[in-house]
Amino acid sequence: MRTAFAFLLVACVLARPAHAGRSFYGWLYGTEVMPERGVELQSWIQDENDKYGTRIKETWLSWGPLVGITDQLELGLPVELVWSDIISPMDQSEKVSFTFKRFGIEARYRLVPPDPVEAPPFSPMIRVAVKRDVTVRDAVRIEGDAVLAYEAGTFQGLIDVGITGDLAPSSRHFELHPGAGVSVLATGDLRVGVEVYSELSLDSLAESWATAGPNLSWTHGRFWVSGMFGVGLYHVKVAPRVIWGIAF
Amino acid sequence: MRAPAVIALAIGLGGLGLAGTAAADVQAGGRVAGTVTVTESDGQPAAAADVIVYVVGFNEPPSDKVTTIAQKGRKFIPALIAITVNERVAFPNLDPFLHNVFSQSVPRKFDLGSFTRNETKQKDFPVPGVVDVYCNIHPEMAATILVLPNRRHTVVGSDGKYTLDGVPPGDWTVFAYARRARPTSARVTVKPGGEATVDLAIVRGAEPAHLNKYGEKYHDGGQTYR
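Residues numbered from 1 in each chain as written. Chains lettered and ligands numbered in written order. Predicted model: local features only at pLDDT ≥ 70, side-chain atom pairs only at ≥ 80, totals over all residues.

**Student:** Looking at this model, I keep getting lost on the overall build of chain B. Mind explaining?
**Tutor:** Looking only at helices and strands, chain B has 1 helix and 19 strands in total. A burial count over chain B gives 42% of its 226 residues as buried. For chain B, long-range pairs separated by at least 24 residues make up 67% of all intrachain contacts whose partners lie at least 6 apart in sequence. (Helix = DSSP H or I, 4+ residues; strand = E, 2+ residues; numbered from the N terminus. Buried ≥ 20, exposed ≤ 12 C-beta atoms within 10 Å, placed from the backbone. Contact = placed C-beta atoms within 7 Å.)

Encoded structure:
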């Protein structure tokens, strides 16, 4: 029973948010939003391999529609599933699971017009989300991101500072998720760049990790895909992430 | 080369033509007048409706006015307008259903999203050129915005006649532009207080096919759906 509780706690605490939104990056939110009444289906997959000294391996899959409420505000309804292989730090027992982890609602508000002609070089975006944890019935996750992008011709630089909070009656856990990246239009609709991303625990319930690597983004009509191959900088071996979306 | 590309080049060169020149002396300007003759591609004469005449080669500041292209009856009304660089265009939806106005033209790409009856969205146009505007929902809707370097432009009357006043003295190029047609042009010399006559002829063709905002063909072979 105690082991089971430990697994549950670890799985809950270490569960990562899946991201939403159009982006040139793998781990970072972009500042673009859907046009008014636009609809897009987005999916993303991320691997987090050998976190905390090979104890945890996770693959997250998230899927959900995004709807443009106005030209600057979009609403998302993500659903998240996770496969995990966790070795208990208490007794070294291993548990492999694949489960429906969370669902929720999120809003992304771009503070400047989306039109590239009307927008200033700096475009900020704020994101907030509330998600229900299916595996821990009375737990709720809150997420927030402040994103600032700078555009100059074919270049974009971006900073994303995110925060997450796992709130349950008996425990609270908070993390800071800072990241930054650059992306340059290489040719046609193809962009390349690099980025760095980290998840920093603000308490003792989890450890921190960080990754960095090259990213790639490609748009083709109503379809777009972006991804990053993250090499571990701290407490993770590799952390690749791919996002794709189809607009309607 | 498609007609819009031709005229875009003409407008662009016209704008550059006065890049180093002082602002046009409109007060001491002259008049350019004439007649535009329109024929269909089969040689039949056509009404000179929706034809714009303009002069390029000098720059002028924009006015404060906002020009309107309404969406009504699954049409853009009017389907052809001319504005000066940095002027604004309003796009009111007067239909009881959604429209999604967009442009993929190089001088001004935009996507207004889908908006409903009595909503209006505006855009400004800071770069000279030809901007083709479509609806992503209704493929039969098409309009053109001529973004010109000066305010010397006018809509030709139903009798084909036009008058441009306040054209600064100098040697310029006069264009006649209509949708579904190659623009035609002629050189003109304007003298202070003088009047120059320029008659132009254009031949209309078929409406060129266009793609939706994702670069795809419209569904159902281009038939309207709501």
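**Student:** Would you take a moment to explain the interface of chain B and chain A for this structure?
**Tutor:** As a measure of interface size, the accessible area lost when the parts come together is often cited. Between chain B and chain A, the contact holds 11 residues from the first and 10 residues from the second. In the side of chain B that touches chain A, the residues fall into 5 nonpolar, 3 polar and 3 charged. (Nonpolar A, V, L, I, M, F, W, Y, C, P; charged D, E, K, R; others polar.)

**Student:** So what exactly am I meant to see when it comes to unusual backbone geometry here?
**Tutor:** Working note: non-glycine residues mostly have negative phi, and peptide bonds are mostly trans. All names here are of chain B. The omega torsion across Ile 77 and Pro 78 is -10°, close enough to zero to call that bond cis. Tracing the chain through its elements places Pro 78 in the loop between β6 (75–77) and β7 (80–84). At Asn 118, a position not held by glycine, the phi torsion is positive, near 70°. Residue Asn 118 is classed as exposed on the basis of its C-beta count, with 10 C-beta atoms lying within 10 Å.

**Student:** Help me out: how do you make sense of the domain arrangement of chain B in this one?
**Tutor:** Residues and elements named next belong to chain B. Its domain assignment divides chain B into domain 1 (24–57 + 157–212) and domain 2 (61–148). Computed over C-alpha atoms, the centres of domain 1 and domain 2 are 22 Å apart. With 9 residues of domain 1 in contact, the opposing surface of domain 2 contributes 10 residues. Counting residues per element, the ones that place at least two in the side of domain 1 that touches domain 2 are β3 (51–56) and β16 (170–178). Residues that form the side of domain 1 that touches domain 2 fall into these classes: 4 nonpolar, 2 polar and 3 charged. (Domains from an automatic or database assignment.)

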